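Structure at a glance
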Amino acid sequence: MQQIFNFIFKNSNRLLFLLLLAISLILTIQSHSFHRSKVISSANFLTGGVYERINNVREYLNLRSHNELLANENAKLKSLLFNIKDSTIIPKIDSIKGVSKVDIIVSKVIHNSYNVYENYLTINSGEKEGVKPDMGVVNSNGIIGIIDQTSKNYATIISILNKKSQINAKIKKTNHFGSLIWNGKNTGFVQLIDVPRLASVRKGDTVVTGGQSIIFPENINIGTIDKIFIDNETNYYTLNVKLFNDMTNLGHVYIIKSKDREEIINLEKKSKNE
């Protein structure tokens, strides 16, 4: 113990300098958005590399389960193809509803949190592949979340299992809209709030994206209604929605890049300014 005190006393000036330097850096990062974004991007780069190496080992050990998932997805695609009247005709991208004005970037989840109130995922695609904040992320079962931060080779996603997440969604059968949130209680369920009492809702009805934003196209699957609650104060429904996705077990994902995104954003900015 005496040696520790002696060390601190001998190096008190250096230690004080390092302490003040650390405090000044923290204050600078917190008060300037540019510096804060650079630090977050650097952190994404470092942690992304570590997560990817860990994920490579995990994927090798789970090849069998991944093959089964791919086989199931191929079966679904084949069933769609076989139900086309003339299966020799390959449909054009522009003829598929909801995909006409977007590009798809394929990526892979290398880190996934789902046991806290504000959950994030990390994927192995970043600015180099054209990934930008506020892009929607889905897989073959439904929505995953929204891109939050990016670095050159990696990006983080705000999961739908995040209490800050709020996504426009609707009941597919009736087209009544609401806001999709998560109450932080169960990884298999989210909540659709502010659904008007005029809506005819039943357990088992499908909930999909509403299409009233530039993040997700319309009619992407989310889940099915499990329980129905009535908010007596607002006279709206709150619907417990069972997710199609198992958010604790995610692999490949698709990032949706809207071709009209910049045009819509610029137009809305002009309207607000005027």
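Since the structure is predicted, the reported quantities are computational estimates derived from the model, not experimental observations. Within any chain, residue numbers begin from 1 and follow the written order of that chain's sequence. For this predicted model, a pLDDT threshold of at least 70 governs which residues receive local features, and a threshold of 80 or more governs which side-chain atom pairs are given and counted, while totals over whole chains, interfaces and linings are taken from all residues. Excluded from the side-chain calculation are hydrogens and water; included are all heavy atoms of the structure.

Overview of the packing of aromatic side chains
The relative placement of two aromatic rings is captured by the distance of their centres and the angle of their planes. Heads up, the rule is: Aromatic rings from Phe, Tyr and Trp, with only the six-membered ring used for Trp, were paired whenever their centres fell within 6.5 Å, and each pair was classed as stacked if the ring planes differed by under 30 degrees, edge-to-face if by over 60, and tilted otherwise. Look at NZ for Lys and CZ for Arg. If either is within 6 Å of the ring centre and within 35 degrees of the ring normal, a charge sits over the ring.
For the coordinates displayed, the defined rule picks out zero aromatic pairs. Here K163 stacks its cationic end above the ring of Y117, 5.1 Å away from the centre of that ring.

Side note on the pairing of strand β4 (residues 142–150)
Here is the rule we go by: In this scheme, a residue with accessible area under 20% of its type's maximum is buried, one over 50% is exposed, and one in between is partly exposed, where area comes from a 1.4 Å probe on protein chains only. Strands here are runs of E lasting at least two residues and helices are runs of H or I lasting at least four, both read from the DSSP assignment and numbered beginning at the N terminus. DSSP bridges decide pairing: two strands pair if at least two such bridges lie between them.
Most of β4 is tucked away: seven of the nine residues are buried. Bridge count for strand β3 (residues 136–139) against β4 is four bridges, and the pairing is antiparallel. Looking at the pairing, N139 lines up with G142 of β4. Two successive antiparallel strands, β3 and β4, enclose a turn made up of two residues. Relative to strand β5 (residues 155–162), β4 is paired through five bridges, and the arrangement is antiparallel.

What to know about the pattern of salt bridges
Here is the rule we go by: Any carboxyl oxygen of Asp or Glu that lies within 4 Å of a side-chain nitrogen of Lys or Arg is treated as forming a salt bridge with it.
Taken as a whole and judged by the stated rule, the model has three salt bridges. Between K170 and E218 there is a salt bridge, and its shortest N-O distance comes to 2.5 Å. Taken together, the positions of K170 in strand β6 (residues 167–171) and E218 in the loop between β9 (206–209) and β10 (221–231) put the pair 48 residues apart, joining distant regions of the chain.

So, the sheet that holds β6
Put simply, the test is: Axis definition: a line fitted to C-alpha atoms, limited for helices to the stretch in contact. Angles are taken between N-to-C directions and run from 0 to 180 degrees.
Spatially, the six strands close up into a barrel ordered β6-β7-β8-β11-β10-β9, and their pairing is antiparallel. Across the sheet, the axes of successive neighbouring strands diverge by a mean angle of 40 degrees, strand direction being ignored. In this structure, β6 lies alongside β9, joined through three bridges in antiparallel fashion. Residue A169 lies in a different strand from β9, and its bridge partner there is T209.

A closer look at the nonpolar core
Going by this rule: Throughout, nonpolar core names a set of buried Ala, Val, Leu, Ile, Met, Phe, Trp, Tyr and Cys residues whose side chains join them through atoms within 4.5 Å. What makes two residues a contact is simply this: any of their non-hydrogen atoms within 4.5 Å.
Grouped together as the largest cluster of nonpolar side chains are 41 residues, with contacts concentrated most on I143, I147, L192, F216 and I222. Filtering out sequence-adjacent residues up to four positions away, F216 remains in contact with G136, V137, V138, I143, G145, I146, I167, T209, G211 and I256.

Concerning the pairing of β10
Taken together, the three bridges between β9 and β10 define a ladder with antiparallel strand orientation. Bridging from a neighbouring strand, T206 pairs with T224 of β10. Sheet topology note: the β10/strand β11 (residues 236–243) ladder contains eight bridges and is antiparallel. Its bridge partner being in β11, F229 is matched across the sheet by T238. Linking two consecutive strands that pair antiparallel, namely β10 and β11, is a turn of four residues; a positive phi of about 65 degrees is found at N235 within it.

Quick word on the confidence of the model for the chain
Selection rule: Across the chain, each position has a pLDDT score giving the predictor's confidence in that residue, from 0 to 100.
Across the chain, pLDDT averages 78, with 68% of residues at or above 70. Here residues 85–100 is a poorly scored stretch, pLDDT under 50, and it has six contacts once near neighbours within four places are set aside; other chains count.

Details of the side chain of N245
To be explicit about the condition: Contacts described as polar in this section are N or O atom pairs within 3.5 Å, which, within protein, must combine one atom able to donate a hydrogen with one able to accept it, while residues neighboring in sequence count only if both atoms come from side chains.
Structurally, N245 is set in the loop between β11 and β12 (252–258). Among the polar contacts listed, one links the side chain of N245 to the side chain of N139, at a separation of 2.8 Å. Within the local environment of N245, its side chain forms a polar contact with the backbone oxygen of I143, the two atoms lying 3.4 Å apart. Once residues within four sequence positions are removed from consideration, N245 is found in contact with N139, N141, G142, I143, I144 and L250.

Quick notes on the side chain of T209
Mapped onto the elements, T209 comes out in strand β9. Only 2.6 Å separates the side chain of T209 from the backbone oxygen of P217, close enough to count as a polar contact. The contact partners of T209, leaving out residues within four places of it in the chain, are I143, N168, A169, K170, F216, P217, E218, N219, I220 and I222.

Remarks on the environment of E118
Within the fold, E118 resides in strand β2 (residues 118–123). With sequence-adjacent residues up to four places away left out, E118 is seen in contact with N162 and K164.

Remarks on unusual backbone geometry
In this model, D134 sits at a positive phi of 75 degrees, which is unusual for a non-glycine residue. Judged by its relative accessible area of 40%, D134 is partly exposed. Backbone geometry at N175 places phi at a positive 70 degrees, although glycine is not the residue there. By the secondary structure assignment, N175 is in the loop between β6 and β7 (177–181).

Observations regarding the environment of T238
In this fold, T238 is placed in strand β11. In this structure the C-alpha to C-alpha distance between T238 and D194, which are 44 residues apart in sequence, comes to 6.5 Å. Those residues within four positions of T238 in sequence are excluded, and the remaining contacts are Q191, L192, I193, K227, I228 and F229.

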